[in-house]
Amino acid sequence: MLRDASSHSAASTRRLCAIMSADIAGYSRMMGHDEEGTHARMSRYRRDIVEPTVVEHSGTIIKHMGDGFLAVFDSPLEATRCAIVIQQTIAARNAAVSDKSSWLQYRIGINLGDIICEEHDVFGDGVNVAARLQTAARPGDVNISGGVYEQIKNKLVCGYQSLGDERLKNITDPVRIYRVLPDPSAVVRAEHGVRRAARTLIPIVGACGATFAIGVWFATHKMTGSPEPVGIVIGSGEVPAPEAAPRRGTSTAQVPIPAPVIDTARPEMAAAAPPAPSPEPVPVAFAVPPPPAQKPEPPASSGALKDCADCPEMLKLTGGVFRMGGSSDASEKPVHQVVIAPFALSRLPVTKAQWQACVRAGACTYRPDGPDDLPVRNVSWNDAQQYVAWLSKLTSKPYRLPSEAEWEYAARAGTATAYWWGAQMVPGFANCKGCGTPHDLEKPIQIGLLPPNAFGLQGMGGGVAEWVQDCWHSNYQGAPRVGAWTSPKCREHVLRGGSWLSEPADIQVSSREHYDTNVRYPAHGFRVALGE
């Protein structure tokens, strides 16, 4: 009798879990336009991306619902990681489709809740909230509830934009919603857009007001026959303080750049210092820039080595002592002396063709998109470890990722300036937004088309952001003078060089980035090193 009176069947249980609800934005419209093609693409994305990614993050797909699916995870952290990987992998896949109206973009909602589980389905308010979060998400976005946010906020290298408390359809209490921003730099753009607009508008309004006041003053004095010239005098106690160095991503196209500070302890740098810029700023032509006047030649081929037909071409570097770091960002400080042992570094980032050799051997599990002659991209740090392990086994040599110090030493190539070619951006030397090279939002250019630095290395700035060995530390306090800076249970690793999606300031040789070890991002790639 008691069993009959129960509100649950004997097969149902309750559990706390993370619920992911997803669907494809505009699916009905695309089906009406191209039914067979849309269905085929959805099935392929589901088979190649969604299902294996859910399994990889210890999740279970409960059911597919037309163009969407419902999945559960024991961990809200793994659920969010899974959603980020799905969205970024699909974004990279969409980039190969020229017709943007045919792009398949998921909307994903994740909630943490207590649900009723049966053999082939789940029920409860927790599921309903996840579905409402998904409906509120924009195409390509991930929305999470406040409960998920509290569990993961300090555990993932990403940003979160609070969308406030929302009353969702058929849900009694308001739900706090956060939009996940996988690109850490998007946090500033999302949260401080209003402040930046105010900082831009206030000087403009002030300048307009000052101009108007001066005009009135001048007209009044001219009418009264005053011969005194118009001028603005700043008292000795009113000299404005110098502005801090512009943060990365800030345009400096019309700002005169001061002469670089040369390290006097290194006279060879002073001798090679570029001339001071002219007082008048020279606008950079970003449309079709002229090529560099004279491209430096790479080292003689006798200094290169290649251990197999599909292996990267390596250049031997003698090593030495250099000063690592910079002053553009707090993460680059303090500048410190580092000792580099002799090593070899691949002349170019690893290409997709070279990566495919690892896939064919069964040692690399990820199958990226893109042309074979471009750098492999959308790879995680863990993906890169699979490649170097395969390369080491194939060649019986200790291939690895370069340390962060080795990467900067190689990028500087004996210089002490912001870029390896000098103190200022010069069109045609790197591939990024505003670097003066052909720019495509979907992919980088062939790195081999860029001029090499003095060591013969190409693409040491722009192209793809490159993974290195080191765990992420927020600055160089306590950094080792020799070798990589590793830590147990490292959740984030360092990327260097910026990418084709970066601003010019982000490709300075001292610029640092970091990202979650397990998460793929379309602009991330790597090159390999070989110890002596």
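Residues numbered from 1 in each chain as written. Predicted model: local features only at pLDDT ≥ 70, side-chain atom pairs only at ≥ 80, totals over all residues. Heavy atoms only, no water.

**Observations concerning the environment of Tyr476**
(1) Moving on: With respect to the helices and strands, Tyr476 occurs in the loop between strand S15 (465-471) and strand S16 (492-496).
(2) Moving on: For Tyr476, a relative accessible area of 4% gives the class buried.
(3) Moving on: Between the C-alpha atom of Tyr476 and that of Glu332, which follows or precedes it by 144 residues, the distance is 6.7 Å.
(4) Moving on: Residues in contact with Tyr476, not counting those within four places in the same chain, are Met324, Gly325, Ser331, Glu332, Lys333, Pro334, His336, Glu404, Glu408, Trp485, Arg496 and Arg512. (Helix = DSSP H or I, 4+ residues; strand = E, 2+ residues; numbered from the N terminus. Buried < 20%, exposed > 50% of the residue type's maximum accessible area, 1.4 Å probe, protein only. Contact = heavy atoms within 4.5 Å.)

**With respect to the pattern of salt bridges**
(1) Moving on: Counting across every chain of the model gives 25 salt bridges.
(2) Moving on: Arg81 is paired through a salt bridge with Glu78; the nearest N and O atoms lie 3.0 Å apart. Taken as a pair, Arg81 and Glu78 lie in helix H4 (residues 76-94) at a separation of 3 residues, close to a single helical turn.
(3) Moving on: When its relative accessible area of 21% is taken as the criterion, Glu78 is described as partly exposed.
(4) Moving on: Residues joined in a network through salt bridges with shared partners are Glu404, Glu408, Arg412, Arg496 and Arg512. (Salt bridge = Lys/Arg side-chain N within 4 Å of Asp/Glu carboxyl O.)

**Describing the sheet that holds strand S18 (residues 524-525)**
(1) Moving on: Pairing is mixed across the open sheet formed by 4 strands, whose spatial order is S17-S16-S15-S18. What marks the edges here is a single partner per strand, and that holds for strand S17 (512-516) and S18.
(2) Moving on: As defined by bridge partners, S15 adjoins S18 across 2 bridges and the pair is classed as parallel. Within the sheet, the bridge partner assigned to Ala465 lies in S18 and is His524. (Pairing = 2+ DSSP bridges.)

**A word on helix H11 (residues 381-395)**
(1) Moving on: Under the 1.5 Å per step criterion, the end-to-end length of H11 is 21 Å for 15 residues, consistent within 8% with the ideal 21 Å.
(2) Moving on: Taken residue by residue, H11 has Trp381, Asp383, Ala384, Tyr387, Val388, Trp390, Leu391, Ser392 and Thr395 as its buried positions.
(3) Moving on: Taken together, the buried residues of H11 touch helix H10 (352-360), strand S14 (399-400), S15 and S16.
(4) Moving on: Backbone geometry just after H11 places Ser396 at a positive phi near 60°. (Expected span 1.5 Å × (residues − 1).)

**Examining the packing of aromatic side chains**
(1) Moving on: For the structure on display, the rule yields 14 aromatic pairs.
(2) Moving on: Here the aromatic rings of Trp420 and Phe429 are separated by 5.5 Å at their centres, their planes lie at 65°, and the arrangement is edge-to-face. Across this residue pair, the class does not change: Trp420 and Phe429 are buried.
(3) Moving on: Ring geometry for Tyr515 against Tyr521: centres 5.5 Å apart, planes inclined by 45°, an arrangement best described as tilted.
(4) Moving on: Accessibility expressed as a relative area gives 18% for Tyr521, which makes it buried.
(5) Moving on: Among the aromatic residues, those joined into a cluster by ring pairs are Trp355, Tyr387, Trp390 and Phe526. (Phe/Tyr/Trp six-rings, centres within 6.5 Å; stacked < 30°, edge-to-face > 60°.)

**Quick look at the sheet that holds strand S19 (residues 529-531)**
(1) Moving on: Judged by pairing direction, the sheet is antiparallel, and its 5 strands sit side by side in the order S9-S10-S13-S19-S14 without closing on themselves. Each edge of the open sheet carries a strand with a single partner, namely strand S9 (304-305) and S14.
(2) Moving on: Pairing between S9 and strand S10 (residues 314-317): 2 bridges, direction antiparallel. Bridge pairing in S10 places Ala304 opposite Leu315.
(3) Moving on: Those strands touched by helix H12 (residues 404-412) are S10, strand S13 (343-346), S14 and S19, and its axis lies near 75° from that of S13. (Axes fitted to C-alpha atoms, helices over the stretch in contact; angles between N-to-C directions.)

**Quick look at unusual backbone geometry**
(1) Moving on: Following Lys333, the chain continues to Pro334 via a peptide bond in cis, the omega torsion being -5°.
(2) Moving on: On the secondary structure map, Pro334 appears in the loop between strand S11 (320-324) and strand S12 (336-340).
(3) Moving on: Backbone geometry at Lys489 places phi at a positive 55°, although glycine is not the residue there.
(4) Moving on: When you line up the elements, Lys489 lands in the loop between S15 and S16.

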